[in-house]
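Chain by chain, the residues:
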Amino acid sequence: QLQLVESGGGLVQPGGSLRLSCAASGSTLDDYSIGWFRQAPGKQRELVATIRGRNTNYADFVKGRFTISKDNTRRTVSLQMNNLEPEDTAVYYCNFQDRWGPGTQVTVSP
């Protein structure tokens, strides 16, 4: 029974950084694709980054600011977010094997 729980969200000023983590239980990460998504009010959920093995992909709007990584042993997937902008404000979700965590709120505001 796979469960995903995100953590690390919070309030940060523009230009600040946050590190999000997604803890997976009930399954190993293996070589499945794991993704970080985000959804702002009134907008569609959008893909932020994915990782499969050592391969990573990023949405264009990340602009080199975010880095996705994983720890197979600890079954965690992280998203390092640097130089945050107000437009990054959203609920961030991790996705693995078509399952979602409850999300963690990221708010970027002066």
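A.B. asks: Any chance you could explain the side chain of Arg 65 here in plain terms?
C.D. replies: Checked against the element boundaries, Arg 65 lands in the loop between strand E6 (55-58) and strand E7 (66-71). Of the polar contacts made by the side chain of Arg 65, one reaches the side chain of Asp 88; its length is 2.7 Å. Beyond its immediate stretch of four places on either side in the chain, Arg 65 contacts Gln 80, Met 81, Asn 82, Asn 83, Leu 84, Glu 85 and Asp 88.

A.B. asks: What is the right way to read the pairing of strand E3 (residues 18-25) from this model?
C.D. replies: Consecutive side chains along a regular strand alternate between the two faces of the sheet. Of the two faces of E3, only one is covered, namely that formed by Leu 18, Leu 20, Cys 22 and Ala 24; the face formed by Arg 19, Ser 21, Ala 23 and Ser 25 stays uncovered. With 5 bridges joining them, strand E1 (residues 3-7) and E3 adopt antiparallel strand pairing. Paired with Gln 3 across the bridge in E3 is Ser 25. Across 6 bridges, the pairing between E3 and strand E8 (residues 76-81) is antiparallel.

A.B. asks: I tried to follow unusual backbone geometry on my own but got confused; where do I start?
C.D. replies: Most of the time, phi is negative for any residue but glycine, and the peptide bond is trans. Residue Arg 75 is not a glycine yet carries a positive backbone phi of 55°. Backbone geometry at Asn 83 places phi at a positive 50°, although glycine is not the residue there. Inspection of the secondary structure assignment puts Asn 83 in the loop between E8 and strand E9 (90-96).

A.B. asks: Teacher, can you tell me more about the sheet that holds E3 here?
C.D. replies: Strand pairing in a sheet takes place through backbone hydrogen bonds and is either antiparallel or parallel in direction. On the basis of which strands lie adjacent, the open sheet formed by 4 strands has the order E1-E3-E8-E7 and antiparallel pairing. This sheet does not close on itself; its edge strands, each paired only once, are E1 and E7. On average, adjacent strands in this sheet sit at an angle of 15° to one another, irrespective of strand direction.

A.B. asks: Just checking my understanding: could you explain the state of the cysteines for this structure?
C.D. replies: In a disulfide, the sulfur atoms of two cysteines are held together by a covalent bond. The tally for this structure, following the rule as stated, stands at 1 disulfide. A sulfur-sulfur distance of 2.0 Å marks the disulfide that ties Cys 22 to Cys 94. Between Cys 22 and Cys 94, the disulfide has an S-S torsion of 50° and is therefore right-handed. On the criterion of sequence distance, the pair formed by Cys 22 in strand E3 and Cys 94 in strand E9 is long-range, its members being 72 residues apart. Comparing Cys 22 with Cys 94, the two get one shared label, buried.

About the thresholds
- Residues numbered from 1 in each chain as written.
- Predicted model: local features only at pLDDT ≥ 70, side-chain atom pairs only at ≥ 80, totals over all residues.
- Heavy atoms only, no water.
- Helix = DSSP H or I, 4+ residues; strand = E, 2+ residues; numbered from the N terminus.
- Polar contact = N/O pair within 3.5 Å; in protein donor to acceptor, adjacent residues only side chain to side chain.
- Contact = heavy atoms within 4.5 Å.
- Buried < 20%, exposed > 50% of the residue type's maximum accessible area, 1.4 Å probe, protein only.
- Pairing = 2+ DSSP bridges.
- Axes fitted to C-alpha atoms, helices over the stretch in contact; angles between N-to-C directions.
- Disulfide = S-S within 2.5 Å.

These results come straight from atomic positions and should not be treated as a statement about function.
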